[in-house]
Amino acid sequence: MSAGGDVSGNGRGPARGDLARLAPTRARIAARVVGRERELELILAAVAAGRDLLLEGPPGTSKSTLLRAITAEWGVPLVFVEGNADLTPAKLIGHHNPARVLREDYSAANFVDGPLLEAMREGGFLYIEEFNRAPEDTLNTLLTAMAEREVAVPRVGRITARPTFRVIATMNPFDNVGTTRLSTSVHDRLCRLAVTYQDSGAERGIVALRAPLPPGEVPAGLAAVLVADAVR
């Protein structure tokens, strides 16, 4: 795991006591996930340090599952955004309601929050999938939010994020069709964690957890064989 610039709220990493307090939380989240002990520990440590994250890995490697388990445990919103060529800065930040602008002119009251402002106001995780498919100018709108924890919106004012706000991005490093190279300024504001496929034992555990066979209809021995065959 490599880290970019320090974007924590207090300018330091997590203290040993902070990580100790996370132990019960880690245990409860781990009960919802098969494997991923190292990744879970690193994600929690980064979040406790006030950092934003970039999870790099192919599809089906538990990235979304981990984030949903973490936000569900903490009771914070997970605001989902799909990265693609159509994701403009206005779609990410928000826009003024055109009908109300015609009637009332521009004001903060007729501004409709986009996912970035929604996550900042509610203290949620802004989860941007396929991060490297979004246009560069759109990604640049995140720089101030990540570094300063606030965004200035014309005719609306300055929006300050709640302390639990984080930007969590994911990308498939092996897919180069329709992707863009991330700039150094974006990389410097993110901790990067590589997530790969798990071993066959963990994969069997995932299949058994997510697609359980009826115990009254399928004997345990046969169920284990079927799961192993499915994974293979």
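Summarised in this report is the structure supplied together with it. Counting restarts for each chain: residues are numbered from 1 in the order of the written sequence. Only residues with pLDDT of at least 70 are given local features in this predicted model, and only at 80 or more are side-chain atom pairs given and counted; all residues enter the totals for whole chains, interfaces and linings. To get the side-chain values, all heavy atoms of the structure are used, and hydrogens and water are removed first.

1. Digging into the overall build of the protein chain
Let me state the cut-off plainly: Numbering goes from the N terminus for both helices and strands, where a helix is a DSSP run of H or I of at least four residues and a strand is a run of E of at least two. Burial classification: accessible surface area is computed with a 1.4 Å probe over protein chains only, and a residue below 20% of its type maximum counts as buried, one above 50% as exposed, and the rest as partly exposed. Contacts: residue pairs with any heavy atoms within 4.5 Å of one another. Computed by Shrake-Rupley with a 1.4 Å probe, the accessible areas treat only the displayed protein chains as cover when residues are assessed. Neither His nor the chain ends contribute to the count of charged residues, in which Lys and Arg are positive and Asp and Glu negative. Positions of charges follow a simple convention, taking NZ of Lys, CZ of Arg, CG of Asp or CD of Glu.
The number of helices and strands found in the protein chain is 12 helices and 9 strands. The principal-axis extents of the C-alpha atoms in the protein chain amount to approximately 70 × 45 × 35 Å. Taking all 232 residues of the protein chain together, the buried fraction comes to 41%. Of all intrachain contacts in the protein chain linking residues separated by at least 6 positions in sequence, the fraction that spans at least 24 positions is 77%. As presented, the protein chain carries roughly 12100 Å² of accessible surface, and 53% of it is formed by carbon and sulfur atoms. The protein chain carries 27 positive and 27 negative side-chain charges, and their two centres are separated by 4 Å.

2. A word on the sheet that holds strand β1 (residues 52-56)
Definition in use: At least two bridges found by DSSP between two strands are what make those strands a pair. Between N-to-C directions, angles span 0 to 180 degrees; the directions come from axes that are lines fitted to C-alpha atoms, helices contributing only their stretch in contact.
The 5 strands are arranged β2-β5-β8-β1-β9 in an open sheet whose pairing can be described as parallel. Two strands bound the open sheet, and with one partner strand each, they are β2 (78-82) and β9 (190-194). Recorded for the sheet is a direction-independent mean angle of 20° between the axes of neighbouring strands. By the bridge criterion, 4 bridges tie strand β5 (residues 125-129) to strand β8 (residues 166-171) in an arrangement that is parallel. Bridged to Leu-126 within β8 is Val-167. Seen against the sheet, helix α3 (residues 37-48) touches β1, β5, β8 and β9 and runs at an angle of roughly 175° to β9.

3. What to know about the pattern of salt bridges
In plain terms, the rule: Salt bridges are counted wherever a side-chain nitrogen of Lys or Arg sits within 4 Å of a carboxyl oxygen of Asp or Glu.
A full pass over the atoms with the stated rule returns 10 salt bridges. The partner of Arg-192 in a salt bridge is Glu-56, and the shortest N-O contact between them spans 3.1 Å. Here Arg-192, found in strand β9, pairs with Glu-56, found in strand β1; they are 136 residues apart in sequence, far enough to count as distant. Since its relative accessible area comes to 14%, Glu-56 is described here as buried. Among the salt bridges present, the one from Arg-121 reaches Asp-113, with a minimum N-O distance of 2.6 Å. On the accessibility criterion, Arg-121 (40% relative accessible area) is partly exposed. One salt-bridge network, held together by shared partners, links Arg-28, Arg-32 and Glu-73.

4. Some thoughts on the pairing of strand β7 (residues 157-160)
Of the strand pairs in this sheet, strand β6 (residues 150-153) and β7 are connected by 4 bridges, and their pairing is antiparallel. The residue bridging Ala-152 from the neighbouring strand is Arg-158, located in β7. Here β6 folds back onto β7, and the loop between the two strands holds 3 residues, one of which, Arg-155, carries a positive phi near 65°.

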